[in-house]
Amino acid sequence: MVLDIRTGSVKKNELVRKYFDTVLKIETLFFNNITIISNGLIKKLNIKKEVQILPLGAEVISPTEKIFRSCRMLYVGTLYNRNLENVIYGLAEYLSQSEAHKKVALTIVGDGLPGQLDQLIAEAKRCGISEVVEFTGVVPHDQLKPFFDSHNVGVSYIPLTSYFDSQPPTKTYEYLMSGMPVIATKTNANQLIINNDNGVLIGDSPYEVCLGIKTMLQKMNRFSSKKIRMSSQDYEWSKIVDNLYIYLCRLK
């Protein structure tokens, strides 16, 4: 038997998080073979046993070569517990300082708790940027390709909290493997992935989002979809599965 740990608790309530993570740690006592998503989660759960890192991976959703004449941003994921209104405010702040409205656009794919999507739509309208922000609601994974084909910058916005810090974000990998540079909040997990050649690291405030968009536009002509894909090859599911197979074959 192998215990595989994909996540610690990301609940807002600290007591709930501590309870869930404590149960996880206790469960590890009953397994000789453990795989886990990251070193950060090993430290967070304070696991003393020997464990095998089984990292997060992704597939190539879009093979198209991106053209970097404008900044067509894409966020794909849940709206729950993500504070995405800060992305709206940051974009509005950037547009208030710039004449380049036609060079910037944002598409948000996903939904959250009842009313969250409507609230974000209302905030975009209140900020006067409805014409550059598109909300699609939930899109099935097998229907995401057109969005990854038509956009050239990924947005991996994760609030900078202790409980998100060690969780590698799936979408960061999917953006990179589709040849897209990424505007990413600087969680520990994102800092291990994003560098000057494949994106921009930011804080989670509206000001930082604004600064990230500005920096991304300044760097656009330096990016290469081919190089970004090549730099993220180790995160392909096929390679991760090959390494998992080797690990499993060693078990008795």
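Our subject is the structure listed above.
Heads up: these notes are all about the structure in this document. (Residues numbered from 1 in each chain as written. Predicted model: local features only at pLDDT ≥ 70, side-chain atom pairs only at ≥ 80, totals over all residues. Heavy atoms only, no water.)

1. Concerning the side chain of T172
Okay, so step 1: Along the polypeptide, T172 turns up in helix α6 (residues 170-177).
Okay, so step 2: One polar contact links T172 to S156, side chain to side chain, over a distance of 2.7 Å.
Okay, so step 3: Not counting residues within four places of it along the chain, the set of residues in contact with T172 comprises S156, V182, N190, I193 and I194. (Helix = DSSP H or I, 4+ residues; strand = E, 2+ residues; numbered from the N terminus. Polar contact = N/O pair within 3.5 Å; in protein donor to acceptor, adjacent residues only side chain to side chain. Contact = heavy atoms within 4.5 Å.)

2. Let's talk about unusual backbone geometry
Okay, so step 1: With a phi angle near 55°, N46 is a residue other than glycine that sits in the positive phi range.
Okay, so step 2: As for its position among the elements, N46 is in the loop between α2 (39-45) and β3 (52-53).
Okay, so step 3: Judged by relative accessible area, N46 falls into the partly exposed class, the value being 33%.
Okay, so step 4: Positive phi, normally seen in glycine, also occurs at N81, with a value near 60°.
Okay, so step 5: With respect to the helices, strands and loops of the structure, N81 is situated in the loop between β4 (71-76) and α3 (85-97). (Buried < 20%, exposed > 50% of the residue type's maximum accessible area, 1.4 Å probe, protein only.)

3. So, helix α8 (residues 206-219)
Okay, so step 1: In a regular helix each residue adds 1.5 Å, so 14 residues correspond to 20 Å; α8 covers 20 Å between its end C-alpha atoms and thus fits that length.
Okay, so step 2: Lining the buried residues of α8 we find β4, α3, β7 (153-156), β8 (182-185) and β9 (199-202). (Expected span 1.5 Å × (residues − 1).)

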